Amino acid sequence: MHLRQKLTHHYFILTGIIILGTLLRFWHLDLKPLWLDEVLTAFFSLGREYNDLPLDVVFSLSTLQELFTLQPEASCRDIAQTLAQESTHPPLFFCLMHSWLRFTGTEPLAWVLRSFPALIGVSAIAAIYVLNRLIFSPIAGLIAAALMAVSPFAVYLSQEARHYTLPMLLIILALLALIPIQQRLYDQQLPSPWLWLGWGMVNSIGCYVHYFFLLAVIAQILTLISGMIWYRRRNPSGSWSAVALVMAGMAVSYLPWWGMLLADMGRQETNWLPPPDSITPLVQLLVGWFLMMIALPVENQPLWIVIPMGGLTLLLGGWIIWRGGVGVKRLLHQPSTQLATLTLFGFTLAVLLQFLAIIYGLGKDISIVPRYNFVYYPAICALLAASLTVNVETRHGASRRTDAGVQGRGVIMLTLAISLVSTVCVVANLVFLKPYYPQQVAQNMTIEPTVPLIMVMGYKDLQDVGLGLSFALALDSEGGSQQGDRAIAFLSRQQGYDQVWQQLSKLAIPSVSQLNLWVIAPGLKRRDYPQTLAIANQKSCILDPSQHYRIGIPYQLYRCGQDLA
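Residues numbered from 1 in each chain as written. Predicted model: local features only at pLDDT ≥ 70, side-chain atom pairs only at ≥ 80, totals over all residues. Heavy atoms only, no water.

A short note on the state of the cysteines
For step 1, the next point in the chain: Evaluation of the coordinates by the stated rule reveals two disulfides.
For step 2, the next point in the chain: Here C76 connects covalently by a disulfide to C95, the sulfurs 2.1 Å from one another. Across the S-S bond linking C76 and C95, the dihedral sits near 85 degrees, which makes this disulfide right-handed. Of this pair, C76 sits in helix α4 (residues 76-86) while C95 sits in helix α5 (residues 92-104); the two residues are 19 residues apart in sequence, bridging distant segments of the chain. (Disulfide = S-S within 2.5 Å. Helix = DSSP H or I, 4+ residues; strand = E, 2+ residues; numbered from the N terminus.)

Structure (structure tokens):
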């Protein structure tokens, strides 16, 4: 009876953790506007393509609803072909999202788009529990689930309408196969064919979700082979043949998309990452580790907030990493946890070495994008949970009642509290702000909500159009004048901005007594904005020098009307 009560208590806590993780992921899910990447996710997942966009014409914001309408006749093959021509991503996530949208509908758009990754994020909580329970202990499983449930990084990824939580879940499942494979080989037993097959299939699927999953596959293979070489005298007969066969199977399964991978690596859309600046990427990678556990408001905040919040982040984040490092040392000295710890540590190290190879070898600083850390976050979460647990349980998994055990429980509770407060900041849109700040742009543009408004975006490619659509969606959600009084136009800048100004003068724009014209001009310097612009049915539009903004790209207000002639 005592055992049954303990099990009931254990699973009651697990259920509470999963419920908490679910609430955090769905709390204010649509508070933040869709940004560039999420707009592109919506566009491709709805079955749309570049030719569906109304370019070089003026159209009302009310048309956006038609543009973001699901095309139910689109198949996964159609979506894959569109992505192959117009994007740099593998197709599986977009196909699954298309099926999800067919099931849920598209209203409200931001909520339904983000709900799919959020649900997968909840599944990852359960998966990390199973991983740590099997390779460490039931208590370590609970702590891992709790850490992921309240992690600001995990919640941030779960509230993005992007393909990050799905590969993260698949990486956990791959580790669930990899570590037992390592353990059986160490025990001089050949893993079952089903275990090899499951490991290979999960990795093959993941490669069709996100290109960075390939880094996880390589890291797993390097970790497995390194272990087999280190313990070569313990390898059972046929183990190397099994590894070679699974690797060959994964390679063959990716043949249909291999050509697209090579083509995407050379596309212009992948050149947005800057070259590395000395040791700055190393610092940014370290900051990325902190953000997995603690993320306090420092973005767009006054200096009197940035300094204490930044200092507190470094202090608490450094303390958590130090406590985790002490625990990992203990795990490495315990025979029952040594192999699993080495495997997770080796996997993390292999991913980080590949990150450094991309940063310094290829000259693309991916450290500026914290979300890419999803590749090794599951291993960090599992290791941290096990390291924090090692002081609070005996060798048999029971809770310690010593002073060290009490202190260890205090460390766990403080770590979870820090992460929970950070996650509240994420949900409240104080941390991990959306790039290009579409909500802020919309608010700036509607300073005079009763005046008719046209937003003009100079575009060169689909990325520019996606960015303009993110602004338009945010603008559409802002209150004020009737939606028919707000319009948008995408004008080609392939031949420079003189081409944009010429097209603008020929557009069919309704005649009104007063009009606010906002011009978004990627790559244009402030001094290069013309002082006046001519538009159809208006005598002139005059630049307002007090209404110029820059958020990575500039946008400028022109005031148009008969009285400005």
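Okay, back to it.
Section: the sheet that holds strand β5 (residues 532-533)
For step 1, the next point in the chain: Ordered by their spatial adjacency, seven strands build an open sheet running β1-β3-β2-β4-β7-β6-β5, and the pairing between neighbours is mixed. Of all the strands in the sheet, just β1 (58-60) and β5 have a single pairing partner and so form its edges.
For step 2, the next point in the chain: Sheet analysis places strand β2 (residues 453-459) next to strand β4 (residues 514-520), joined by five bridges and oriented parallel. By the bridge assignment, M455 is partnered in β4 with W518.
For step 3, the next point in the chain: Sheet contacts for helix α20 (residues 462-477): β2, β3 (486-492) and β4; angle to β2, the most-contacted strand, approximately 165 degrees.
For step 4, the next point in the chain: The sheet strands contacting helix α21 (residues 497-506) are β2, β3, β4 and β5, and the helix crosses β3 at an angle near 135 degrees. (Pairing = 2+ DSSP bridges. Contact = heavy atoms within 4.5 Å. Axes fitted to C-alpha atoms, helices over the stretch in contact; angles between N-to-C directions.)

A few points about unusual backbone geometry
For step 1, the next point in the chain: Cis peptide bonds are those with omega within 30 degrees of zero, and the linkage from E107 to P108 qualifies with -10 degrees.
For step 2, the next point in the chain: With respect to the helices and strands, the residue P108 is situated in the loop between α5 and α6 (109-135).
For step 3, the next point in the chain: With a phi angle near 55 degrees, H28 is a residue other than glycine that sits in the positive phi range.
For step 4, the next point in the chain: Its location among the elements puts H28 in the loop between α1 (2-26) and α2 (36-45).
For step 5, the next point in the chain: A residue is classified by how much of its surface remains accessible, and H28, at 36% relative accessible area, is partly exposed.
For step 6, the next point in the chain: Although it is not a glycine, F432 adopts a positive phi angle of roughly 55 degrees.
For step 7, the next point in the chain: Mapped onto the elements of the fold, F432 is located in the loop between α18 (403-427) and α19 (438-445).
For step 8, the next point in the chain: Take F432: its relative accessible area is 9%, and that puts it in the buried class. (Buried < 20%, exposed > 50% of the residue type's maximum accessible area, 1.4 Å probe, protein only.)

Concerning the packing of α19 against α20
For step 1, the next point in the chain: At a minimum axis separation of 8 Å, α19 and α20 run at an interaxial angle of 60 degrees. Judged by the inter-axis angle, α19 sits oblique to α20. Like other packed secondary-structure pairs, α19 and α20 cross with a definite hand, here right-handed. Between α19 and α20, the residues in contact are P438, Q439, V441, A442 and M445 and S470, F471, A474 and L475, respectively. (Parallel < 35°, antiparallel > 145°, perpendicular 65-115°, else oblique. Left-handed = near helix turned anticlockwise from the far one by under 90°.)

Quick notes on the packing of aromatic side chains
For step 1, the next point in the chain: Enumeration over the complete set of coordinates arrives at 22 aromatic pairs.
For step 2, the next point in the chain: Feature note: the residues F43, F44, F93, F94, W100, F103 and F116 constitute an aromatic cluster, connected by ring pairs.
For step 3, the next point in the chain: The ring of Y372 has R371 lying over it, and the distance from NZ or CZ to the ring centre is 5.8 Å. (Phe/Tyr/Trp six-rings, centres within 6.5 Å; stacked < 30°, edge-to-face > 60°. Lys NZ or Arg CZ within 6 Å of the ring centre and 35° of its normal.)

Here we look at the environment of M148
For step 1, the next point in the chain: Locating M148 in the fold gives a position in helix α7 (residues 138-150).
For step 2, the next point in the chain: As a C-alpha pair, M148 and A382 span 234 residues in sequence and 9.1 Å in three-dimensional space.
For step 3, the next point in the chain: Discounting residues that sit within four places of it in the chain, M148 has contacts with R25, A124, I125, I128, A154, I172, Y377 and C381.

Focus: the side chain of Q556
For step 1, the next point in the chain: Within the secondary structure, Q556 is located in strand β7 (residues 554-561).
For step 2, the next point in the chain: Among the polar contacts listed, one links the side chain of Q556 to the side chain of H548, at a separation of 2.9 Å.
For step 3, the next point in the chain: Once you skip the residues sitting within four places of it in the chain, Q556 turns out to touch L517, W518, V519, Y529, L543, D544, P545, Q547 and H548. (Polar contact = N/O pair within 3.5 Å; in protein donor to acceptor, adjacent residues only side chain to side chain.)

A look at the pairing of β7
For step 1, the next point in the chain: Buried residues dominate β7, accounting for seven of its eight residues.
For step 2, the next point in the chain: Pairing analysis gives seven bridges linking β4 to β7, with the strands arranged antiparallel. Among the inter-strand pairings, W518 is bridged to a residue of β7, identified as L557.
For step 3, the next point in the chain: By the bridge criterion, six bridges tie strand β6 (residues 541-550) to β7 in an arrangement that is antiparallel. Paired with H548 across the bridge in β7 is Q556.

Things to note about the pattern of salt bridges
For step 1, the next point in the chain: By the definition in use, this model includes ten salt bridges.
For step 2, the next point in the chain: Taking the shortest distance from any N to any O, the salt bridge between E38 and R114 comes out at 2.9 Å. Separated by 76 residues along the polypeptide, E38 in helix α2 and R114 in helix α6 bring together distant segments of the chain. There is no split in this pair, since E38 and R114 are both buried.
For step 3, the next point in the chain: Residue D264 pairs with R267 through a salt bridge whose shortest N-O separation is 3.8 Å.
For step 4, the next point in the chain: Residue classification places D264 among the buried positions, given a relative accessible area of 3%.
For step 5, the next point in the chain: Salt bridges sharing common partners tie together E38, R114, E160 and K434. (Salt bridge = Lys/Arg side-chain N within 4 Å of Asp/Glu carboxyl O.)

A word on helix α10 (residues 193-207)
For step 1, the next point in the chain: Between its first and last C-alpha, α10 extends 21 Å over 15 residues, near the 21 Å set by a 1.5 Å rise per residue.
For step 2, the next point in the chain: Looking at α10, one finds that the buried residues are L195, W196, W199, G200, V202, N203, S204, G206 and C207.
For step 3, the next point in the chain: Those residues of α10 hidden inside the fold are in contact with α9 (165-186), α11 (213-230) and α12 (239-253). (Expected span 1.5 Å × (residues − 1).)

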